[in-house]
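# Geometric and topological summary
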Amino acid sequence: MYDGDFAVRWMAAVAVAVDREAGRLTELDSAIGDADHGANLRRGFTAVAEALAKEPPATPGGVLAAAGRRLISTVGGASGPLYGTLLRRAGKELGEEPAVDREGLARALAAGVAAVGRLGGAVVGDKTMLDALTPAVAALSESFAAARSAAEEGARATVPLRARKGRASYLGERSIGHQDPGATSSALLFAALEEVAEA
Amino acid sequence: MRMLINVPETVVADALRGLAAAHPELTVDVERRVVVRRDAPVAGKVALVSGGGSGHEPLHAGFVGPGMLDAACPGEVFTSPVPDQMVRAAAAVDSGAGVLFVVKNYTGDVLNFEMAAELAEDEGVRVAKVLVDDDVAVTDSLYTAGRRGTGATLFVEKLAGAAAEEGAPLERVEAVARRVVERSRSFGVALSACSTPAKGGPTFDLPPGELEFGVGIHGEPGRERRAMMTSGEIAEAAVDAVLDDLRPADPVLLLVNGMGGTPLLELYGFNAEVRRVLAERRVPVARTLVGNYVTSLDMAGASVTLCAADEELLRLWDAPVRTPALRWGR
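Just so you know, these numbers come straight off a predicted model, no measurement behind them. (Residues numbered from 1 in each chain as written. Chains lettered and ligands numbered in written order. Predicted model: local features only at pLDDT ≥ 70, side-chain atom pairs only at ≥ 80, totals over all residues. Heavy atoms only, no water.)

For chain B, the count of helices and strands is eight helices and 14 strands. Considered along the principal axes of its C-alpha atoms, chain B spans approximately 55 × 50 × 40 Å. Taken across its 330 residues, chain B has 61% of its residues classed as buried. Looking at chain B alone, contacts between residues at least 24 apart form 72% of all its contacts between residues at least 6 apart. Here chain B displays about 12,300 Å² of accessible surface, and carbon together with sulfur accounts for 52% of that area. Averaging the positions of the 33 positive and the 46 negative side-chain charges in chain B gives two centres separated by 4 Å. (Helix = DSSP H or I, 4+ residues; strand = E, 2+ residues; numbered from the N terminus. Buried < 20%, exposed > 50% of the residue type's maximum accessible area, 1.4 Å probe, protein only. Contact = heavy atoms within 4.5 Å. Areas by Shrake-Rupley, 256 points an atom, 1.4 Å probe, with all protein chains shown as cover. Lys, Arg positive; Asp, Glu negative; His and termini not counted. Charge placed at Lys NZ, Arg CZ, Asp CG, Glu CD.)

Structure representation (structure tokens):
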């Protein structure tokens, strides 16, 4: 079972991963976006980790909801509302439960991913974070490792796609051949989750 | 790339401190990133709030003042501001007559302003929104995020701002803004990439002898790369791209906009070519503005924006405005 403390450690691990990979995310974003994805997510998840360290909510739902709110108020761009909605919606779905199992977490994250789809109006194959998130939450009912590898595979699979949403869509055909930065950062979420769960 | 900055993390805050120091007629909250005209809220007046990523200066903070915006919310460089900023701005400028959010059509801006509108309405502020999407380089289709908001933002903020200053109610100010959007189109080219502080260098490589055709204002590459063209050739291509999409039945407002890294000498020369092409295409020009207004950091290049101006829009254009970057009349 995974409790509030687990969720706090997950978010802290995401902050570390995003900080480590910020340069790579920005590099990917400069090819088809505006070269700030790494810096923006680092700012957001650093703020999340600080807020959670100071006042950790007791439940995993509370932790994810607080993290989502914090992202919305610190990141900006499209990533802020999208990542914020993912975590806030998942947190809401978990409710007041003091601890959840992996299946419960998978269901909550699936609700979060659905909310991201509604907010951004994207579907799988549009070359967005959904290309990593959607297979990852589906695989999470199997194992944490399966979720991580599905997310990473999904992110890699964005390379040949033509972007249909967000700033990369302005490039038309020229967006083909580049890995989507949002899908790449989404995969970090699941790498961090596996890391904390297996620790 | 050498930049006149301290560290990348503080460029926006540093600029806001400088803006505050230069313009005592503005109230600048550096911490919370909200720029407000000092006499806000103006009794009975509809308020205009805009915002967007930094790096496009003077847009938007440079357009805060009587006759234009009541408040602006600058985000990080090329990153939409967060909902908290817009909610705070709306609360600071709302006189009870309502607030119009002027939003450039980018996924991030749209999402954050949408969230802000909901939150502000929960706090009892009447909010209307107008989406600016004038860039014809982007096909407005299911397969893109839609046309980008670029140069026409200046027209929307000036003309709707003048309507609000005249005392028009929210519905009317919103209608003026929508009309300006419908009647405005832009097209831009880049002669160099821009360098963001976070990256510390150019956002893409542009080999010598080539230009980016159909660019936005965020250092992203354009629709295609072409061999370098003369000012006259670029004017023809840009004007024709705009006129493909906009058939002005009225004389136009013309904005010849620099992207930040092109000298005024070149921009005025470009304006002469744009006017020549417009004359050849039999499009009369009512008013012209030449300068760096909707920029992309240090990117070299220019954009052309046309707005088909009926009599009311022309009157609103001529109305007094008093902001750091645009001021005329009284």
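Of regular secondary structure, chain A possesses eight helices and two strands. When the elements of chain A are put in sequence order from the N terminus, they spell out β-α-α-α-α-β-α-α-α-α. Against the globule reference of 16 Å for 199 residues, chain A gives a C-alpha radius of gyration of 15 Å, in line with a compact fold. Reported as C-alpha extents along the three principal axes, the dimensions of chain A are approximately 50 × 30 × 30 Å. Here chain A, with 199 residues, has 59% of them falling under the buried criterion. In the form shown here, chain A has an accessible surface area of approximately 7,500 Å², with 52% of it arising from carbon and sulfur atoms. Taking the average location of the 22 positive side-chain charges in chain A and that of its 25 negative ones, the two points are 6 Å from each other. (Rg over C-alpha atoms; globule rule 2.2 N^0.38 Å.)

Residue and element names in this part refer to chain B. Spatially, six strands are ordered 9-8-7-12-10-11 in an open sheet, and the strand pairing comes out mixed. Each having just a single partner strand, strand 9 (224-227) and strand 11 (285-291) make up the two edges of the open sheet. Recorded for the sheet is a direction-independent mean angle of 20° between the axes of neighbouring strands. The pairing of strand 7 (residues 184-190) with strand 12 (residues 301-308) spans seven bridges and is antiparallel. Bridging across to strand 12, V189 finds its partner in A302. Against the sheet, helix 5 (residues 170-182) touches strand 7 and strand 12, its axis set at about 50° to strand 7. (Pairing = 2+ DSSP bridges. Axes fitted to C-alpha atoms, helices over the stretch in contact; angles between N-to-C directions.)

What follows concerns the sheet that holds strand 6 (residues 127-132) of chain B. Residues and elements named next belong to chain B. Across the sheet, six strands lie side by side as 1-2-4-3-5-6; this open sheet has mixed pairing. With one partner strand each, in any of the chains shown, strand 1 (26-29) and strand 6 form the two edges of the open sheet. On average, each strand axis in the sheet is inclined to that of its neighbour by 20°, with strand direction left out of account. On the sheet, helix 5 packs against strand 3 (47-54), strand 5 (99-104) and strand 6 and is oriented at approximately 5° with respect to strand 6.

A cluster of acidic residues, E114(B), E118(B), E121(B), D122(B) and E123(B), forms a negative patch on the protein surface. Note on placement: E118(B) falls in helix 3 (residues 107-122). (Patch = residues over 30% accessible without salt bridge, like charges linked within 9 Å, V, L, I, M, F, W, Y side chains within 5 Å. Salt bridge = Lys/Arg side-chain N within 4 Å of Asp/Glu carboxyl O.)

Contact residues are listed per partner, giving 30 residues for chain A and 35 residues for chain B. Taking both sides of the interface into account, the surface hidden between chain A and chain B amounts to around 2,600 Å²; carbon and sulfur atoms contribute 56%. Considering only the side of chain A, the residues that lose the most area to chain B are R167(A), Y170(A) and R174(A), jointly responsible for 28% of the buried surface there. At the boundary of chain A and chain B, one finds one salt bridge. The shortest N-O distance in the salt bridge between E212(B) and R174(A) comes to 3.0 Å. (Buried area = accessible area lost by both parts, 1.4 Å probe.)

Turning our eyes to something else, we now look at the UniProt feature "domain: DhaL" (unreviewed entry) in chain A. UniProt annotation of "domain: DhaL" (unreviewed entry) refers to residues 5-195 of chain A when read in the numbering used here. Counting secondary structure, residues 5-195 of chain A comes out at 71% helix and 1% strand; the distance between its end C-alpha atoms is 15 Å. (UniProt positions renumbered as here; feature names shortened; annotations may be inferred.)

So, on to helix 7 (residues 264-280) of chain B. Its 17 residues give helix 7 of chain B an end-to-end C-alpha distance of 24 Å, which sits within 8% of 24 Å, the value for a rise of 1.5 Å per residue. Where helix 7 of chain B is buried, its residues meet helix 6 (231-245), strand 10 (252-258), strand 11 and strand 12 of chain B. (Expected span 1.5 Å × (residues − 1).)

Our focus in this paragraph is the environment of A15(A). Residue and element names in this part refer to chain A. By secondary structure assignment, the location of A15 is in helix 1 (residues 4-32). Spatially, the C-alpha atoms of A15 and E198 are 18 Å apart, while their sequence positions differ by 183 residues. Discounting chain neighbours no more than four positions away, the residues touching A15 are F45, T46 and A49.

For the rest of this paragraph, the subject is the pairing of strand 10 of chain B. Residues and elements named next belong to chain B. With seven of its seven residues buried, strand 10 lies for the most part within the structure. The pairing of strand 10 with strand 11 spans six bridges and is parallel. Bridged to L253 within strand 11 is R287. Handedness of the crossover joining strand 10 and strand 11 through helix 7: right-handed. For strand 10 and strand 12, the ladder comprises seven bridges, and the chain directions are antiparallel. Residue pairing in the sheet places V256 in a bridge with V304 of strand 12. (Right-handed = clockwise from strand over helix to strand, strands pointing away.)

As for its position among the elements, Q85(B) is in helix 2 (residues 83-93). At a separation of 3.0 Å, a polar atom in the side chain of Q85(B) contacts the main-chain carbonyl oxygen of R33(B). (Polar contact = N/O pair within 3.5 Å; in protein donor to acceptor, adjacent residues only side chain to side chain.)

Here we take up the domain arrangement of chain B. All names here are of chain B. Each domain of chain B was delimited in the assignment, giving domain 1 (8-183) and domain 2 (184-316). Once you take the C-alpha centre of each, domain 1 and domain 2 turn out to be 22 Å apart. Taken together, the 37 residues of domain 1 in the interface contact 41 residues of domain 2. Summed over both partners, the interface of domain 1 with domain 2 comes to about 3,100 Å²; 59% of that surface belongs to carbon and sulfur atoms. Seen at the junction of domain 1 and domain 2, the total is seven salt bridges. (Domains from an automatic or database assignment.)

Moving on, we get to helix 5 (residues 102-120) of chain A. Given a rise of 1.5 Å per residue, 19 residues ought to cover 27 Å, and the 27 Å separating the end C-alpha atoms of helix 5 of chain A matches this to within 8%. Those residues of helix 5 of chain A that fall on the buried side of the exposure criterion are R102(A), G104(A), L105(A), A106(A), A108(A), L109(A), A111(A), G112(A), V113(A), A115(A), V116(A) and G117(A).

Before going further, it helps to spend a moment on the packing of helix 3 (residues 60-74) of chain A against helix 4 (residues 79-94) of chain A. Residues and elements named next belong to chain A. Contact pair helix 3 / helix 4: the axes reach a minimum separation of 7 Å and the direction vectors enclose 160°. What the angle tells us is that helix 3 and helix 4 run roughly antiparallel. Along this stretch, helix 3 crosses helix 4, giving a crossing that reads as left-handed. The segment helix 3 lies against helix 4, with P60, G61, L64, A65, A67, G68, R69, L71 and I72 engaging G80, P81, Y83, G84, T85, L87, R88, A90, G91 and L94. (Parallel < 35°, antiparallel > 145°, perpendicular 65-115°, else oblique. Left-handed = near helix turned anticlockwise from the far one by under 90°.)

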